[in-house]
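# Examination of the molecular architecture
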Amino acid sequence: MHCPFCRHPDSRVIDSRTADDGLSIRRRRQCPECGRRFTTTETASLTVIKRSGVVEPFSREKVMSGVRKACQGRPVTEADLAVLAQQVEESVRSSGIAQFDANEIGLAILPHLRELDEVAYLRFASVYQAFESLADFDAAIAELRAHPGGGSDSDASDSRADARTPEE
Ligand SMILES: [Zn+2]
């Protein structure tokens, strides 16, 4: 690793610490040439294979933009999306696997989105799991009812999603 100050091609590690989230290691380094110190962060690489076969680095921003569409008109903030993307990254990293199908990322998103907003969860699931009929929605809603969670006691939102009226 080159010294960022004088470009000396070597540096000495003087301290290593795992970041609070456990996902990266920060190393404090010192240049033997100019004596200045700098920090590097080391993270395991995490890649996603898209349906097209293209491999790209995992991106929280991609997770957020995928979920953002499902959250339109819902009380979900950008900060909520950022937290969700971080949770998704943590859960995929904690599996210890370094490469995922886009599908598996979708699967990792679902439980976190469900905790955040059940309506957005249904929308996302309907696209991701390719719901084809109302029966698919009914099954997903029945599942939500059978296993309520996510801290919200109110089931008003899912009964609204269920009772579709022609004038809406
Ligand atoms: Zn230097």
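What counts, and where the lines are drawn
Residues numbered from 1 in each chain as written. Predicted model: local features only at pLDDT ≥ 70, side-chain atom pairs only at ≥ 80, totals over all residues. Heavy atoms only, no water. Helix = DSSP H or I, 4+ residues; strand = E, 2+ residues; numbered from the N terminus. Polar contact = N/O pair within 3.5 Å; in protein donor to acceptor, adjacent residues only side chain to side chain. Contact = heavy atoms within 4.5 Å. Axes fitted to C-alpha atoms, helices over the stretch in contact; angles between N-to-C directions. Parallel < 35°, antiparallel > 145°, perpendicular 65-115°, else oblique. Left-handed = near helix turned anticlockwise from the far one by under 90°. Nonpolar A, V, L, I, M, F, W, Y, C, P; charged D, E, K, R; others polar. Phe/Tyr/Trp six-rings, centres within 6.5 Å; stacked < 30°, edge-to-face > 60°. Buried < 20%, exposed > 50% of the residue type's maximum accessible area, 1.4 Å probe, protein only. Lys NZ or Arg CZ within 6 Å of the ring centre and 35° of its normal.

### Focus: the side chain of Ser11
Turning to its location among the elements, Ser11 is positioned in the segment before strand 1 (12-18). Of the polar contacts made by the side chain of Ser11, one reaches the side chain of Arg29; its length is 3.4 Å. Ignoring sequence-local partners within four residues, the contact set of Ser11 consists of Met1, Arg29, Gln30, Pro32 and Phe38.

### Quick look at the packing of helix 2 (residues 78-94) against helix 3 (residues 102-116)
Running from N to C, helix 2 and helix 3 cross one another at 135 degrees; their axes reach a closest spacing of 9 Å. It follows from the interaxial angle that helix 2 and helix 3 lie oblique. Crossing geometry of helix 2 relative to helix 3 is assigned as right-handed. Residues Asp80, Leu84, Gln87, Val88, Ser91 and Val92 of helix 2 form the contact with helix 3, whose participating residues are Ile105, Ala108, Ile109, His112, Leu113 and Leu116. Its residues assigned to classes, the contact of helix 2 with helix 3 comprises eight nonpolar, three polar and one charged.

### Points about the packing of aromatic side chains
Describing an aromatic ring pair means giving the distance of the ring centres and the angle of the ring planes. Following the criterion strictly, the structure yields two aromatic pairs and no others. Centroid distance Phe124 to Tyr128: 6.1 Å. Interplanar angle 15 degrees. Geometry classified as stacked. In this pair, Phe124 and Tyr128 both sit in helix 4 (residues 118-128), four residues apart, roughly one turn of the helix. Judged on exposure class, the residue Phe124 and its partner Tyr128 are both buried. Ring centres 5.0 Å apart and planes at 90 degrees place the aromatic pair Phe131 and Phe137 in the edge-to-face group. Given the relative accessible area of 17%, Phe131 is considered buried. Across from the ring centre of Tyr121, 5.8 Å away, lies the NZ or CZ of Arg114, which sits over that ring.

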